Amino acid sequence: MTAAILRSTAIAAILAVFADQTTAAAVALKCRSCPSRFAWENDQLTDAAIANSDASLFGFGSDVRAADLNVRADTPDLPACKAFPGDASWPSQSDWNLFNTTLDGALIQTVPLAASCYNNWPQHDAAACQDVISHWNDPHFHVNDPTSAMFPLYQGRTCMPTDDPSSSNCTLGGYAAYSVAVTKVSQIQLALNFARNTNVRLVVKNTGHDFGDKSIGAGALSVWTHNLKDIEFLADYKCKGFNGPAFRLGSGVETEDLYRAAEQNNVTVVGGECRTVGIAGGYIAGGGHSPLSSLVGMGADQVLSMEVVLPNGKFVTANKDSNPDLYWALRGGGGSTYGVVTSVTVRAYPQIPVTTMTFMFTTGADVTADTFFAGLGAYMSHFDAFTAAGAYGYFLVVGTGPGEFLFNMMPMWGNNMTKPQFVSLVTPFLDDLAGLGISLTPVITEYPSMYSAYTGTFPPENVGPTDSHAASRLFPKENFESAKRDETLSAVRHAIEGGGVLIGYNIRSAPNPSVDQANSVNPAWRKATGFFILAATWAPDATDDKIQQASETLTNDWMAKWRAVSPGAGSYMSEGDINEPDFQQSFYGEYYPRLYAMKQQYDPTGLFYAPTAVGSEDWYVTDQVPWIPTQNGRLCRKA
Ligand SMILES: Cc1cc2nc3c(=O)[nH]c(=O)nc-3n(C[C@H](O)[C@H](O)[C@H](O)COP(=O)(O)OP(=O)(O)OC[C@H]3O[C@@H](n4cnc5c(N)ncnc54)[C@H](O)[C@@H]3O)c2cc1C
Ligand SMILES: *[C@@H]1O[C@H](CO)[C@@H](O)[C@H](O)[C@H]1NC(C)=O
Ligand SMILES: *[C@@H]1O[C@H](CO)[C@@H](O)[C@H](O)[C@H]1NC(C)=O
Ligand SMILES: *[C@@H]1O[C@H](CO)[C@@H](O)[C@H](O)[C@H]1NC(C)=O
Ligand SMILES: *[C@@H]1O[C@H](CO)[C@@H](O)[C@H](O)[C@H]1NC(C)=O
C-alpha cells in the first residue's frame, strides 16, 4: 500500500513537470483548421449506440484524469491473469456472437496460417500446404494473414509448415484467438471496450514485422489494422507552423505503398528499408530508421499529427496542440502501449537525387582475416564523415568458413548527392581499402529519386526463420573515433568469429530544425553513427538446448562485450533482443520513467501489453522455456 502511494505520488510529480514544459509551445502554435481525419475515422462509437446494446460489454472506460493514477496501484480486485479460452470467465459464445454483430461481422476466428498442413484441422489440404511452404519466407504472406507474425520462435512453433501432415497437431500457440479486421474507428473502440470489460488479452497486429513478435498473444483478441490503407497527398499542408507537402496515412499503409505514392507526387518521404514494414504502426511508434535518417532524422520526427483510440475507448487527436503528452509518447515510446493509432500525417520533402554504391570483398589469397577486419575498421573511421554528409550504409559481415569472412555493401546511399559529389565523399574510404590490399569493384549509380534508388538497390527481404535470434546496439560516434575504434572493432570481431551475423547500418539521426524532434525516440539514436544488428544462428533442426545456448551466447557473451564498449548507449526496440537485459534503459533510455508514468495514467487497467513494451515488467506469460520466450501462455500480473 505504502509502495503504491509512493509510486503514484512520484508518477504525478513526473507528469506535472512535463505538463509545464509543453503548455507554452501548445499555445503559441494554436491552429484549428488543419484537416486531419479520414471518413472512416468519423464513424465513431457513441454513448447512444452503447445504451442500445450491452453497456457491460461495450461501455467506455473512465476518462483520463490525474485521479486515475491511483486506479491501478490501489485497486485490489484487478484479476491476477487475463481470461483464457476454457476459463469460466471467458466470454460466452453468445457474447462473441453479439460482439461480431456489433462489429458488422468483422470478427475472425483464428485459423493458423499453416493449418492446411495438418490432419487435425478441417482446412487440411496438401495443395494449399505446398503454397504455405513455398511462401513462408515471403513477408507479404504473413502481412496478409490476420494473425501470423514473422518470428515463429516466439509463437511457440506450434504450427510450422510441414509436408508430414501427421507429424504433430497444429495448435494456436501464441496466435490470438480472434481478430477484428477493422475498417473504421468504431470497430476499434468496440474491440478495446470489449477486451477491457471482459478481461480478455488485447494485441494489435499490423504487419507482424516486430523482431520479438510483439503483435501476437495466446488467448488474445487482436485488432488487425492491415486494411486501413488510405494514402492522401496534401500538396500544400498548412498546420501548426508547418507549410509544405505532407501525407496522411492509414495505419495499415506499408513502406512500398508510401514510397510509390511519393514518387507519383514528385516528393520524398521517410520510411524504412523493408518494403512491407507498416509506417504508422510499429515503425513510427518505435522511432523508425530510414535511408534518409542521416539527412533529415527519424521516421517519428516527421509526424505532424496522429489519431488514436485510447485504452478507455475514446478517440483523440495527438499533436502539438491536442494531447501533446501523447504526441510525445506515441513517437518513440513503442507500439501497443498507449492506444491504437489509426492514422498519421507526416511531412514530405522535395525530390532529391540519390547515388548508391554496392561492392563486396572477402578474405582470400591477398586478404588475411586481420586485413579483412582492418578493412572494416577503415570503414568505421569514416562513419562520422559519411553520416555528417547525409549518407547511409547498409552492410553485411559474416563468416563463410574457418578464418574466412565476407563483407557486402548492399548499398551505401548518398542522399541528395550527384555521382561526382558521392565519389568525392567515398574516395578516401576506397583509397584506404586499396592501401590495405583489398581490391574491389564498386558499382556506383546515380538515381533521380529516392524511389528509383530504393527499387534499384535494396534486396527483397526474407522472413519467417526459426534458425536465428537477433540483438542490436546503437553505437555512439565516439566508438568509431580513434581512441575507441580498436576496442569496438575487437568486440565486433569476437562476435563474428564466434559465428554471429552482422547486419550493419552506418546511420545517424540528423538534427533537423524543420521538424519536431522533441519526442520519445530512444536518446541513444541521437548519438549513434552505427546501428549494428547481430544474429546468432543454428541448424534448422537444432534442439531447444542448442537454441538456448546460442541465445545465451548472443546476449551474455557477444552483446555483453558490445555493451561494455558502449556503456550507457542503447538498442533499437523494433529490431532488438527479446531477452535484452535492462530493456528499459536499452530501448527507452532516460525517457523510461516518464513513459512508465504515462502508461499508468492512460492504461490504468493494463489493457495493452507487449513483450519489452513500457510497463511490461509488471506482467509475465506462463509456461516459459528459458531463453526462448514465447507468447504461448497466460498473461498474468506480477504480484
Ligand atoms: C525484414 C525487416 C526489415 C525491417 N526494416 C526496418 C527499417 O528499415 N527501419 C526500421 O526502423 N525498422 C525496420 N524493421 C523493424 C520494424 O520497424 C518493426 O518491426 C516495426 O515494429 C514494424 O511495425 P509494424 O506495424 O509493421 O509491425 P507489427 O509487428 O505488426 O507491429 C509492431 C508493434 O507495433 C504495434 N502496433 C502496430 N500497429 C499499431 C497501431 N496502429 N497502433 C498501436 N500499436 C501498433 C504492435 O502491436 C506491435 O507491438 C524491419 C523489420 C524486419 C523484420
Ligand atoms: C462474424 O460474422 C460474419 C458475417 O456474418 C461471419 O462471416 C463470420 O464468420 C463471423 N465470425 C465469427 C468469429 O463467428
Ligand atoms: C493429435 O491429437 C489427437 C487428439 O488429441 C491425438 O490422438 C493424436 O495422438 C495427436 N497426434 C499427434 C501426432 O500428436
Ligand atoms: C519535381 O521536384 C523537383 C524538386 O523539387 C523539381 O525540380 C521538378 O521540377 C519537379 N518535377 C515535376 C515533374 O514536377
Ligand atoms: C538538397 O540539396 C539542396 C542543395 O543542393 C538543398 O537546397 C536541399 O535543401 C537539400 N534537400 C534536403 C532534403 O536536404
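Bear in mind that the values here come from a model prediction, so they are computed numbers and not experimental data.

The next subject is the sheet that holds strand 8 (residues 303-309). Here we have five strands laid out as an open sheet, ordered 5-6-10-8-9, and antiparallel in their pairing. The open sheet is flanked by strand 5 (231-239) and strand 9 (315-318), the only strands paired with a single partner. Geometrically, the sheet is characterised by an average inter-axis angle of 20° between neighbouring strands, direction not taken into account. In terms of strand pairing, strand 5 meets strand 6 (residues 242-250) through seven bridges, oriented antiparallel. If you follow lysine 238 over to strand 6, its bridge partner there is asparagine 243.

In this section: the confidence of the model for the protein chain. Taken as a whole, the protein chain shows an average pLDDT of 92; of its residues, 92% reach a score of 70 or greater. Segment residues 1-32: pLDDT under 50, and 31 contacts once partners within four positions in sequence are set aside and those in other chains are kept. For the stretch residues 64-75, pLDDT sits under 50, and the model shows 27 contacts to residues farther than four places along the chain or on other chains.

Glancing now at the site of ligand 3. As a matter of local geometry, ligand 3 sits amid Ser166, Ser167, Ser168 and Asn169. Residues belonging to the shell around ligand 3 are distributed by class as follows: no nonpolar, four polar and no charged.

Note that soluble globular proteins tend to have their nonpolar side chains buried in a common cluster. Judged by nonpolar contacts, the single largest core of 135 residues is most densely connected at Phe247, Phe395, Phe407, Phe532 and Trp562. Ala83, Ala177, Val223 and Leu607 belong to the second-largest nonpolar core, a separate cluster that totals 36 residues.

Further remarks concern helix 15 (residues 419-435). Over its 17 residues, helix 15 extends 23 Å from the first C-alpha to the last, a length consistent with the 24 Å expected when each residue adds 1.5 Å. Its maximal kink placed at valine 426, helix 15 deviates by approximately 40°, while the proline proline 428 follows within four residues. Taken as a whole, helix 15 has its buried residues at Phe422, Leu425, Val426, Phe429, Leu430 and Leu433. Considering only its buried residues, helix 15 is in contact with strand 12 (354-362), helix 13 (369-381), helix 14 (383-388), strand 13 (391-401), strand 14 (404-415) and strand 15 (443-447). Just past helix 15, the residue glycine 437 takes up positive phi, approximately 85°.

Those places that UniProt annotates as "domain: FAD-binding PCMH-type" (unreviewed entry) correspond, in this numbering, to residues 172-351. Helix and strand shares over residues 172-351 are 23% and 31% respectively, and the end C-alpha atoms of the span are 46 Å apart.

It is worth spelling out the side chain of threonine 356 at this point. Relative to the elements of secondary structure, threonine 356 occurs in strand 12. If near-sequence neighbours (up to four positions away) are discounted, threonine 356 is found in contact with Pro411, Met412, Trp413, Phe422, Val443, Ile444, Thr445, Tyr447, Ala453 and Thr457.

Time to look at helix 8 (residues 185-198). The end-to-end C-alpha distance of helix 8, which contains 14 residues, comes to 20 Å, matching closely the 20 Å that a straight helix rising 1.5 Å per residue would cover. Counted residue by residue, helix 8 has 13 buried out of 14 residues, so it is predominantly covered. Looking one or two residues beyond helix 8, the residue adopting positive phi is asparagine 199, at roughly 65°.

What follows is about the site of ligand 4. In the vicinity of ligand 4, the contacting residues are Asn266, Pro350 and Gln351. The side chain of asparagine 266 places a nitrogen or oxygen atom 2.4 Å from an oxygen atom of ligand 4. Look at ligand 4: alone it shows 360 Å² of surface, and the protein chains cover 26% of it.

With that settled, the discussion passes to the layout of surface pockets. Taking a probe equal in size to a water molecule and rolling it over the atoms shows the remaining empty space. Of the voids in this model, the second largest pocket is the one considered here, and its volume is about 320 Å³. Taken together, 17 residues line the second largest pocket, and the ones lying closest to its centre are Tyr609, Pro611, Thr612, Ser616 and Trp619. At three residues, strand 19 (residues 619-621) tops the list of elements feeding residues into the lining of the second largest pocket. Partitioning the lining of the second largest pocket into residue classes produces eight nonpolar, six polar and three charged.

For the rest of this paragraph, the subject is the packing of helix 13 against helix 17 (residues 482-497). With their axes 10 Å apart at the nearest point, helix 13 and helix 17 run at an angle of 130° to one another. Comparing the axis directions of helix 13 and helix 17 gives the class oblique. Once helix 13 is placed against helix 17, the crossing between them reads as right-handed. Residues Ala369, Asp370, Phe373, Leu376, Gly377, Met380 and Ser381 of helix 13 form the contact with helix 17, whose participating residues are Arg485, Leu489, Val492, Arg493, Ile496 and Glu497.

This part is about the pairing of strand 14. For strand 14, a buried count of 11 out of 12 residues is recorded, marking the element as mostly surrounded by other parts of the structure. Inspection of the sheet shows strand 12 paired to strand 14 by eight bridges, in the antiparallel sense. Residue pairing across strands places methionine 357 opposite methionine 412, the latter belonging to strand 14. In this sheet, strand 14 lies alongside strand 13 in antiparallel orientation, the contact comprising nine bridges. From the neighbouring strand, phenylalanine 395 faces strand 14, where its bridge partner is methionine 409. The loop that links strand 13 with its antiparallel partner strand 14 comprises two residues; one of these, glycine 403, has a positive phi angle of about 70°.

On to the state of the cysteines, then. The tally for this structure, following the rule as stated, stands at three disulfides. One disulfide bridge connects cysteine 81 with cysteine 636, the sulfur atoms lying 2.0 Å from each other. Handedness of the cysteine 81-cysteine 636 disulfide follows from its S-S torsion of about 100°: it is right-handed. Placement of cysteine 81 in the loop between helix 4 (69-74) and helix 5 (93-102) and of cysteine 636 in strand 20 (residues 635-637) is noted, with a sequence separation of 555 residues between them. Overall, the relative accessible area of 24% leaves cysteine 81 in the partly exposed class. What makes cysteine 636 buried here is its relative accessible area of 1%. Residue pairing for cysteine 117: its cysteine sulfur links by disulfide to cysteine 129, the two sulfurs lying 2.1 Å apart.

The subject of this paragraph is the packing of aromatic side chains. Throughout the structure, instances matching the rule amount to 51 aromatic pairs. In this arrangement the basic side chain of arginine 275 is found over the ring face of tyrosine 454, its NZ or CZ atom lying 5.2 Å from the centre. Above the face of the phenylalanine 60 ring, lysine 314 is positioned so that its terminal group lies 5.1 Å from the ring centre.

Before going further, it helps to spend a moment on the pattern of salt bridges. Inspection of the entire model under this criterion finds 16 salt bridges. Lysine 184 is the salt-bridge partner of aspartate 43, the closest N and O atoms lying 3.9 Å from each other. Remark: lysine 184 occurs in the loop between strand 2 (178-181) and helix 8 and aspartate 43 occurs in the loop between helix 1 (2-28) and helix 2 (47-51); sequence separation between them is 141 residues. The class of aspartate 43 is partly exposed, set by a relative accessible area of 32%. Measuring nitrogen to oxygen at the nearest pair gives 2.8 Å for the salt bridge that ties glutamate 254 to lysine 229. Taken together, the residues glutamate 254 in the loop between strand 6 and helix 9 (255-264) and lysine 229 in the loop between strand 4 (220-224) and strand 5 connect sequence positions 25 residues apart.

Turning our attention to the sheet that holds strand 3 (residues 201-205). As summarised here, the arrangement of the four strands in space is 1-2-4-3, forming an open sheet in which the pairing is mixed. Each of the sheet's edge strands pairs with one partner strand only, and the pair in question is strand 1 (107-109) and strand 3. Within this sheet the neighbouring strands show an average axis-to-axis angle of 25°, counted without direction. Here strand 2 runs beside strand 4; their pairing, made up of four bridges, is parallel.

Each value, and the rule that gives it
- Residues numbered from 1 in each chain as written.
- Chains lettered and ligands numbered in written order.
- Predicted model: local features only at pLDDT ≥ 70, side-chain atom pairs only at ≥ 80, totals over all residues.
- Heavy atoms only, no water.
- Pairing = 2+ DSSP bridges.
- Helix = DSSP H or I, 4+ residues; strand = E, 2+ residues; numbered from the N terminus.
- Axes fitted to C-alpha atoms, helices over the stretch in contact; angles between N-to-C directions.
- pLDDT = per-residue confidence, 0-100.
- Contact = heavy atoms within 4.5 Å.
- Near = heavy atom within 4 Å.
- Nonpolar A, V, L, I, M, F, W, Y, C, P; charged D, E, K, R; others polar.
- Core = buried A, V, L, I, M, F, W, Y, C linked by side-chain atoms within 4.5 Å.
- Buried < 20%, exposed > 50% of the residue type's maximum accessible area, 1.4 Å probe, protein only.
- Expected span 1.5 Å × (residues − 1).
- Bend = angle between axes of the 7 residues up to and from the residue.
- UniProt positions renumbered as here; feature names shortened; annotations may be inferred.
- Polar contact = N/O pair within 3.5 Å; in protein donor to acceptor, adjacent residues only side chain to side chain.
- Areas by Shrake-Rupley, 256 points an atom, 1.4 Å probe, with all protein chains shown as cover.
- 1 Å grid on protein atoms, 1.4 Å probe; cavity = no way out; pocket = protein on both sides within 12 Å on 5 of 7 lines; lining within 4 Å.
- Points joined across faces, edges and corners; volume = space filled by probe spheres on them.
- Parallel < 35°, antiparallel > 145°, perpendicular 65-115°, else oblique.
- Left-handed = near helix turned anticlockwise from the far one by under 90°.
- Disulfide = S-S within 2.5 Å.
- Phe/Tyr/Trp six-rings, centres within 6.5 Å; stacked < 30°, edge-to-face > 60°.
- Lys NZ or Arg CZ within 6 Å of the ring centre and 35° of its normal.
- Salt bridge = Lys/Arg side-chain N within 4 Å of Asp/Glu carboxyl O.

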